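Chain and residue survey
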Amino acid sequence: MRDAERLVEQQYAMLLRRDVARLPDLYAPEAFYAMPGVTVRPIELPALLRTWTGAFPDLRVDPLGAVRTGGGAAVELRLTGTHTGTLHSPYGTVAPTGRQVSWEVADVVRARKGRITAWRSYFDWSQLLDALGVQLEGLSRAAQHDALALPV
């Protein structure tokens with residue numbers, strides 16, 4: 001669906017420009033944005049994405065491929081950035097490490113009538129935290145499972 005692809009491109013462009021205040025305008029009122037460990041309403045999305053751009057001020061989005069679906073689009077991408085700010089994760093906060101890291105993400109986006117109705121961002125927290133040098137073995141298996149669960 002062209003609407004979904006256009007909206008995905010707009011959201012990535014706004015993120016790269018750090019122009020996230022207007023992101024809720026891309027979403028239907030009943031929509032949501034979900035990533036492992038958190039689901040937010042459109043009005044909450046700018047604050048969530050500011051935590052990521054705060055943790056990785058030089059964050060880059062490199063699309064790897066996209067597929068149209070019946071009601072939207074699925075996009076595979078690589079995020080790259082230098083961890084110079086505090087990262088808030090389901091495990092708690094991660095102090096800046098100064099490391100440049102890359103991690104892969106799959107975004108599945110649904111759209112209707114020119115607005116995003118659902119955006120699910122899937123990635124592996126353990127891959128990102130490992131790249132930052134954060135060790136997970138101190139957490140119980142249940143805590144690891146809960147923190148790494150995919151959004152519902």
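The sections below set out a description of the structure shown in this document. (Residues numbered from 1 in each chain as written. Predicted model: local features only at pLDDT ≥ 70, side-chain atom pairs only at ≥ 80, totals over all residues. Heavy atoms only, no water.)

1. Some thoughts on the sheet that holds strand β2 (residues 38-40)
Applicable threshold: A pair of strands is considered paired only if DSSP assigns at least 2 bridges between the two. Numbering of helices and strands runs from the N terminus, with a helix taken as a DSSP run of H or I at least four residues long and a strand as a DSSP run of E at least two residues long. Interaxial angles span 0 to 180 degrees and are taken between N-to-C directions of axes, which are lines fitted to C-alpha atoms, for helices over the stretch in contact.
Across the sheet, which stays open at both edges, the six strands sit in the order β2-β1-β8-β7-β4-β3 with mixed pairing between neighbours. With one partner strand each, in any of the chains shown, β2 and β3 (60-69) form the two edges of the open sheet. Strand after strand, the sheet turns through a mean of 15° between neighbouring axes, direction not considered. Pairing analysis gives three bridges linking strand β1 (residues 27-35) to β2, with the strands arranged antiparallel. Paired with M35 across the bridge in β2 is V38.

2. Considering unusual backbone geometry
What counts, and what does not: Relative accessibility under 20% of the residue-type maximum defines a buried residue, over 50% an exposed one, and the middle range a partly exposed one, all with a 1.4 Å probe and only protein chains included.
Non-glycine residue R18 carries a positive phi angle of around 60°. Secondary-structure assignment places R18 in the loop between α1 (2-16) and β1. A relative accessible area of 32% places R18 in the partly exposed class. A positive phi angle is found at K113, which is not glycine, with a value near 55°. When you line up the elements, K113 lands in the loop between β7 (100-112) and β8 (115-123).

3. Remarks on the nonpolar core
Put simply, the rule reads: Working definition of a nonpolar core: buried Ala, Val, Leu, Ile, Met, Phe, Trp, Tyr and Cys residues. They are joined through side-chain atoms within 4.5 Å. In this description, contact between two residues means that some pair of their heavy atoms is separated by no more than 4.5 Å.
Y33, W52, F56, L87, W103 and L128 are the most contacted members of the largest nonpolar core, which has 41 residues in total. Elements supplying a minimum of two residues to this core: α1, β1, α2 (45-55), β4 (72-82), β7, β8 and α3 (125-131). At six residues, α1 tops the list of elements feeding residues into this core. Not counting chain neighbours up to four residues away, the residues in contact with W52 comprise M35, L87, W103, F123, W125 and L128.

4. Description of the pairing of β4
Of all 11 residues in β4, eight are buried; the element is thus mostly enclosed. Pairing analysis gives nine bridges linking β3 to β4, with the strands arranged antiparallel. Residue pairing in the sheet places R68 in a bridge with A73 of β4. Two successive antiparallel strands, β3 and β4, enclose a turn made up of two residues. Here 11 bridges tie β4 to β7, and the two strands are oriented antiparallel to one another. Note that in β7 the partner of L77 across the bridge is V105.

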